[in-house]
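Secondary and tertiary structure notes
What follows is each chain in one-letter form.
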2 protein chains.
Amino acid sequence: MVVSSIFESRRIAVSGLGFKKSLKAAGRRVTRTRQAVLSLLERTAQPLSATEIFDQLQQEKVSIDLVTVYRTVHVLKELGLVAQIELHQEGQARFELKEGREHHHHIRCQMCGAIVDLLLCPLKKLTKLIESQTQYIVDDHTLEFTGLCPKCQ
Amino acid sequence: MVVSSIFESRRIAVSGLGFKKSLKAAGRRVTRTRQAVLSLLERTAQPLSATEIFDQLQQEKVSIDLVTVYRTVHVLKELGLVAQIELHQEGQARFELKEGREHHHHIRCQMCGAIVDLLLCPLKKLTKLIESQTQYIVDDHTLEFTGLCPKCQ
DNA sequence: ATGATATTGCAAGTCTATTGCAATTAACAT
DNA sequence: ATGTTAATTGCAATAGACTTGCAATATCAT
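This section reports on the structure supplied with the text. Starting from 1, residues in each chain are numbered consecutively following that chain's sequence as written. To label them, take the chains in the order written and letter them from A, then take the ligands in the order written and number them from 1. The predicted origin of the model limits local features to residues at a pLDDT of at least 70 and limits the giving and counting of side-chain atom pairs to 80 or more, whereas totals for whole chains, interfaces and linings rest on all residues. Side-chain descriptors were evaluated using all non-hydrogen atoms of the structure, hydrogens and water having been removed beforehand.

**Digging into the overall build of chain A**
A helix here means a DSSP run of H or I that spans at least four residues, while a strand means a run of E at least two residues long, and both kinds are numbered starting from the N terminus. Helix and strand counts for chain A stand at five helices and six strands. The linear arrangement of helices and strands in chain A, starting from the amino end, is β-α-α-α-α-β-β-β-β-α-β. Where accessible areas are quoted, they stem from the Shrake-Rupley method and a 1.4 Å probe; at the residue level, only the protein chains shown are allowed to cover. Split by element, the accessible area of chain A, about 8200 Å² in all, is 52% carbon and sulfur.

Right under this line is the structure:
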């Protein structure tokens, strides 16, 4: 991995292998819709909202209900295959594959919506500081940026 | 200000002075409901959601509609008197007074909901790094933590 | 006090997300 | 292969956050 750069475009699809085991291990079934959602997330260079997953699968002539999309990402999240994120004040959840990816954050263009991954997290030390000062146990965090992408400036 | 501590409970109410000028300067009126919302935010030790503002004012026998709460915080935000924030994956906006407060972040207990302010922001250097590497211009960010407060551990 | 207009309350609507339930389908046993 | 069982899906309905239209009301400059 290139450390000198803090951002990356998405890596090439990997999975199709481990997720069946994960599902079965949890007593869940390998269904057409779950495979379709996972496959889409693998092929897509951005974290997707439920609606975006639904729309894209519709376009690909995959028959799926929006409710099923919500239920599917929920299951995939429970299994740890997918991460649920919230960009800066967007008012909706987005989902991205976890498999093979490091912890990272995002910046989103407030004009055109372009999302870039930020392959860094400056919060390990900060987390310890917060824990010692507040006596909270830190479990998770959100760190998301907005701004203008090169094209929209 | 005490620098050795990164968190604080809310400071004592200050305002009631400047906000009338701000409103008038923007051609807006000083109304009963705007004063009630501002007063509540001054008295409250946590960023509040629209519903919480509504409920609390109801309890205080202040007659106000939920729609008016939304419109009020929107105006106060436009005037720069109030900040709109989003805690970690909460799915709703919260509002807090900006006046006299420094830029800060929050940690919220995922059990009981207790919110503590974190009087620090480690993101100035990071912002520059992001800007140089992505060519985005960073405009704003969200940095919010969840975890367990001392009581809930 | 009065008139102009900003603001409010109510009703209705939008958008994201969840839940109940009957019909369908995956997966295991035979 | 076929049947059985339970997980899963689709559809309809519902919940929650937030917005919009419009008539009634309140603010405030005169």
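Still more to cover.
**Points about the relation of the copies chain A and chain B**
Relative to chain B, chain A is turned by 180° and slid 0.0 Å along the rotation axis, the superposed coordinates differing by an RMSD of 0.1 Å. Both copies of the chain, as the preceding transformation shows, are related through a two-fold rotation axis. Within chain A, the C-alpha atom positioned nearest to the axis of rotation is that of L143 of chain A, 2.2 Å from it. Contacts are assigned to residue pairs with any non-hydrogen atoms lying within 4.5 Å of each other. The overlap is high: 100% of the interface residues of chain A also sit at the interface in chain B, so the same surface is used on both sides. Fitting of the copies onto one another was done by least squares over C-alpha atoms, counting residues only where both copies have pLDDT of at least 70.

**With respect to the environment of L76 of chain A**
All names here are of chain A. Mapped onto the elements, L76 comes out in helix α4 (residues 66-78). Given the relative accessible area of 0%, L76 is considered buried. Counting along the chain gives 54 residues from L76 to S22, while the straight-line C-alpha distance between them is 9.3 Å. Those residues in contact with L76 that lie beyond four places of it in its chain are V37, L38, L81 and V82. Each residue is placed in one exposure class: buried if its accessible area under a 1.4 Å probe, protein chains only, is under 20% of its type's maximum, exposed if it is over 50%, and partly exposed if it falls in between.

**So, the interface of chain A and chain B**
Across the contact, 46 residues belong to chain A and 46 residues belong to chain B. Pairs of N or O atoms within 3.5 Å make up the polar contacts considered here, provided that, within protein, one atom can donate a hydrogen while the other can accept it, and that residues adjacent in sequence are counted only when both atoms are side-chain atoms. Where chain A packs against chain B, one counts 20 residue pairs in polar contact (both at pLDDT 80 or more). Taken together, the elements giving at least two residues each to the side of chain A that touches chain B come down to β2 (82-85), β4 (105-109), β5 (115-118), α5 (123-134) and β6 (137-148) of chain A. Think of it as three bins: nonpolar holds Ala, Val, Leu, Ile, Met, Phe, Trp, Tyr, Cys and Pro, charged holds Asp, Glu, Lys and Arg, and polar takes everything else, Gly as well. Classifying every residue of the side of chain A that touches chain B by side-chain character gives 24 nonpolar, 16 polar and six charged. Bridge count between β6 of chain A and strand β6 (residues 137-148) of chain B: 11 bridges; the pairing is antiparallel. Bridging across to β6 of chain B, L143 of chain A finds its partner in L143 of chain B. Two strands pair under a simple rule: DSSP has to find at least two bridges between them.

**Some words on unusual backbone geometry**
Residue and element names in this part refer to chain B. Residue K61 is not a glycine yet carries a positive backbone phi of 65°. As for its placement among the helices and strands, K61 is situated in the loop between α3 (50-59) and α4 (66-78). The backbone of Q135 shows a phi angle near 70°, a positive value even though the residue is not glycine. Position of Q135 among the secondary structure elements: in the loop between α5 (123-134) and β6.

**As for the protein's contact with DNA strand D**
Close contacts around DNA strand D come from 21 residues, with R28, T33, R34 and T68 of chain A together with R29 of chain B the closest. When atoms of DNA strand D within 4 Å of the protein are split into backbone and base, the sugar-phosphate part holds 67%. A93 of chain B places a polar main-chain atom, nitrogen or oxygen, 2.8 Å from a phosphate oxygen of DNA strand D. Of the residues that constitute the surface near DNA strand D, the class distribution is six nonpolar, seven polar and eight charged. Whether a residue is near a molecule or strand depends on its heavy atoms: if one lies within 4 Å, it is near.

**Considerations on the protein's contact with DNA strand C**
In the vicinity of DNA strand C lie 20 residues, with R28, T33, R34, T68 and R71 of chain B positioned nearest. Of all atoms in DNA strand C that approach within 4 Å of the protein, 68% are sugar or phosphate atoms. The side chain of R29 of chain A places a nitrogen or oxygen atom 2.9 Å from a base nitrogen of DNA strand C. Between a base oxygen of DNA strand C and a side-chain N or O atom of R71 of chain B, the distance comes to 2.7 Å. Of all the secondary structure elements, the ones that give two or more residues to the surface near DNA strand C are α4 of chain A together with α2 (32-43) and α4 of chain B. Class assignment for the residues of the surface near DNA strand C results in six nonpolar, six polar and eight charged.

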